[in-house]
Number of protein chains: 2
Amino acid sequence: MRGRGRGPWWQDRLQGTGARITAPRELIIEILHETDDHVSAADVYIRAHQINPSIGLTTVYRTLDMLTQLGIVQKFDFGDGKARYELVNNPNGKKHHHHLICLRCKTIMDYSEFLDEELEFVKKTAGKLSKKYNFEITDHAISFYGLCERCR
Amino acid sequence: MRGRGRGPWWQDRLQGTGARITAPRELIIEILHETDDHVSAADVYIRAHQINPSIGLTTVYRTLDMLTQLGIVQKFDFGDGKARYELVNNPNGKKHHHHLICLRCKTIMDYSEFLDEELEFVKKTAGKLSKKYNFEITDHAISFYGLCERCR
DNA sequence: ACTTATAATGAAAATGGTTTTCAATATCAA
DNA sequence: TTGATATTGAAAACCATTTTCATTATAAGT
Ligand SMILES: [Mn+2]
Ligand SMILES: [Mn+2]
Ligand SMILES: [Zn+2]
Ligand SMILES: [Zn+2]
């Protein structure tokens, strides 16, 4: 059923690129799995460090980068000075969604309602844009900014 | 016709908040006017410095921040490690638009076609979201990612 | 015009997230 | 089991941005 893998879904993805399965990588992915908010590298480091104190912040950065490269993780900048990461589109992971960002307290909320309307709009617009600008569109992001319930 | 202003449009906006009209601020706004791409603080500083070498980078940052606060400038992060700025919605300035971002060469293109479809979609979605999450939506951003003509 | 309170400025130093370096270690194909 | 080499963690470097603080410029009031 699985290609060459003898482990979870993500191990195949790593090995496919020649990357090795290591304890730090396993732990970091596990941590990403367990959280469902938008964590910074430091967030991940703190949690990883509690479980395995030998892990270094550098490795967290490197692993998050690699996972971003592979498309397993998505990297965001919400304007608070540090990058934030989140697992995407995997078994257990979140599905395609967008963000509601509070300009005052910087809270980030996911929403995935109304994807049917979105799909229609995005497909139409992406099609026109890629034709007009000869641009190959592979992804998109939609964000709404404003004031959350507590800040308004 | 103009409120209290005896200068260009933006001077009224500044004075309205109690801010003073200064040479550095005039120059920085002029530079933003003259460019039509997405400049970093350092970009602005270099150009400003050529005209008036006494200007400091700190002032460029402070002025861009202030203009962002006032909504005269929009601040972006396209993932290359430095913030980028662009004049918005002013006489001479660009109108509302969105971005096409090349994941390989990091080129950023503006597009403002198809705003009618967008308006319809955004209005509908924003309405539903603000009701459902009790979130006051004041702005939005739509970005498409992929490969530009030269990189595909 | 002159005065004056204070907003704004620039240089330098500090900050803080991220990246680089490098010697030690762990992984995995053979 | 071995060995080539990918990966690791600590420390240092990097670099965009912010803070500090003494000096200067603005504009309101006279
Ligand atoms: Mn999210
Ligand atoms: Mn733009
Ligand atoms: Zn809020
Ligand atoms: Zn490109």
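Quick notes on the rules
- Residues numbered from 1 in each chain as written.
- Chains lettered and ligands numbered in written order.
- Predicted model: local features only at pLDDT ≥ 70, side-chain atom pairs only at ≥ 80, totals over all residues.
- Heavy atoms only, no water.
- Near = heavy atom within 4 Å.
- Polar contact = N/O pair within 3.5 Å; in protein donor to acceptor, adjacent residues only side chain to side chain.
- Helix = DSSP H or I, 4+ residues; strand = E, 2+ residues; numbered from the N terminus.
- Expected span 1.5 Å × (residues − 1).
- Buried < 20%, exposed > 50% of the residue type's maximum accessible area, 1.4 Å probe, protein only.
- Contact = heavy atoms within 4.5 Å.
- Buried area = accessible area lost by both parts, 1.4 Å probe.
- Salt bridge = Lys/Arg side-chain N within 4 Å of Asp/Glu carboxyl O.
- Core = buried A, V, L, I, M, F, W, Y, C linked by side-chain atoms within 4.5 Å.
- Donors = N, O, S within 2.8 Å, 3.2 Å for Na, K, Ca; no water.
- Tetrahedral: all angles 85-135°; square planar, octahedral: opposite > 155°, others 65-115°.
- Pairing = 2+ DSSP bridges.
- Axes fitted to C-alpha atoms, helices over the stretch in contact; angles between N-to-C directions.
- Parallel < 35°, antiparallel > 145°, perpendicular 65-115°, else oblique.
- Left-handed = near helix turned anticlockwise from the far one by under 90°.
- Nonpolar A, V, L, I, M, F, W, Y, C, P; charged D, E, K, R; others polar.

Asker: In this structure, what is going on with the protein's contact with DNA strand D? I would like to understand it.
Answerer: Taken together, 21 residues lie around DNA strand D, and T22(A), T59(A), R62(A), R20(B) and Y61(B) are the ones closest in. When the atoms of DNA strand D within 4 Å of the protein are sorted by group, sugar and phosphate make up 63%. Within the side chain of T22(A), a nitrogen or oxygen atom sits 2.7 Å from a phosphate oxygen of DNA strand D. Contact between DNA strand D and G56(A): a phosphate oxygen at 3.3 Å from a main-chain N or O atom of the residue.

Asker: For this particular structure, what's the right way to read helix α2 (residues 23-34) of chain A?
Answerer: Structural remark: α-helix, 3.6 residues per turn; residues separated by three or four positions point the same way. All names here are of chain A. With twelve residues, α2 should reach 16 Å at 1.5 Å per residue; the first-to-last C-alpha distance of 17 Å fits that figure. Of all the residues in α2, the buried ones are L27, I28, I29, I31 and L32. At its buried positions, α2 is contacted by α1 (9-16), β1 (39-40), α3 (41-51), α4 (57-70), β2 (73-76) and β3 (84-87).

Asker: Explain the interface of chain B and chain A to me, please; I cannot follow it from the model alone.
Answerer: Counting residues at the interface gives 38 residues for chain B and 38 residues for chain A. The largest per-residue losses of area from chain B upon contact with chain A belong to F121(B), F135(B) and F144(B), which jointly make up 19% of the total buried on that side. Connecting chain B to chain A are six salt bridges. When the shortest N-O distance is used, the salt bridge between K128(B) and E117(A) registers 2.1 Å.

Asker: Is there a simple way to think about the nonpolar core in this case?
Answerer: Generally speaking, soluble globular proteins have nonpolar side chains that are buried together. Within the largest apolar cluster, 28 residues are counted, with the highest numbers of intra-cluster contacts made by F144(A) and F144(B). For this core, the elements supplying multiple residues, two or more each, are β4 (98-102), α5 (115-133) and β6 (136-147) of chain A together with β4 (98-102), α5 (115-133) and β6 (136-147) of chain B. Aside from chain neighbours lying at most four places away, what touches F144(A) is H99(A), L100(A), I101(A), Y111(A), V122(B), T125(B), A126(B), L129(B), I137(B), D139(B) and H140(B).

Asker: Looking at this structure, I do not really get the coordination of the manganese ion (ligand 1). What am I missing?
Answerer: In a perfect tetrahedron of four donors around a metal, the angles come out at 109.5 degrees. In a perfect octahedron of six, they are 90 or 180 degrees. All names here are of chain A. The manganese ion (ligand 1) binds to the protein through H38 (NE2), E86 (OE), E86 (OE), H97 (NE2), H99 (NE2) and D110 (OD); the donor distances cover 2.1 to 2.6 Å. Around the manganese ion (ligand 1), the six donor atoms sit at angles spanning 52 to 164°, and that spread fits a shape best called irregular. Of note, the donors binding the manganese ion (ligand 1) are all from one chain and are spaced H-x47-E-x10-H-x1-H-x10-D. A residue pair is termed long-range when its members are at least 10 positions apart, and E86 in strand β3 and H97 in the loop between β3 and β4 qualify at eleven residues. Taken individually, E86 and H97 each receive the classification buried, so the pair is uniform in this respect.

Asker: Where do I start with the pairing of β6(B) in this structure?
Answerer: Remark: a regular strand shows side chains that alternate across the two faces of the sheet. Note: β6(A) against β6(B), eleven bridges, orientation antiparallel. Its bridge partner being in β6(B), D139(A) is matched across the sheet by Y145(B). In the sheet, β4(B) pairs with β6(B) via four bridges, with the strands oriented parallel. Of the residues in β6(B), the one forming a bridge with C102(B) is G146(B).

Asker: Would you mind showing me how to read the packing of helix α2 (residues 23-34) of chain B against helix α4 (residues 57-70) of chain B here?
Answerer: Any two packed helices are characterised by how steeply their axes cross, that is the angle between the axes, and by the distance between the axes. Residue and element names in this part refer to chain B. It is at 10 Å that the axes of α2 and α4 come closest, and there the two elements cross at 70°. Viewed along their axes, α2 and α4 adopt a mutual orientation that is roughly perpendicular. You can see that α2 and α4 cross each other, and the crossing is right-handed. Listed contacts from α4 to P24, R25, I28, I29 and L32 of α2 are T59, V60, T63, L64, M66 and L67. Looking at side-chain class alone, the contact of α2 with α4 contains eight nonpolar, two polar and one charged residues.

Asker: Teacher, can you tell me more about the packing of helix α1 (residues 9-16) of chain B against α2(B) here?
Answerer: Residues and elements named next belong to chain B. Put simply, α1 and α2 touch, their axes get as near as 12 Å, and they point 135° apart. If you check the angle between α1 and α2, you find them oblique. Along this stretch, α1 crosses α2, giving a crossing that reads as right-handed. Each of W9, W10, Q11 and L14 in α1 lies in contact with α2, whose residues at this interface are R25, E26, I29 and H33. Class assignment of the residues belonging to the contact of α1 with α2 gives a composition of four nonpolar, two polar and two charged.

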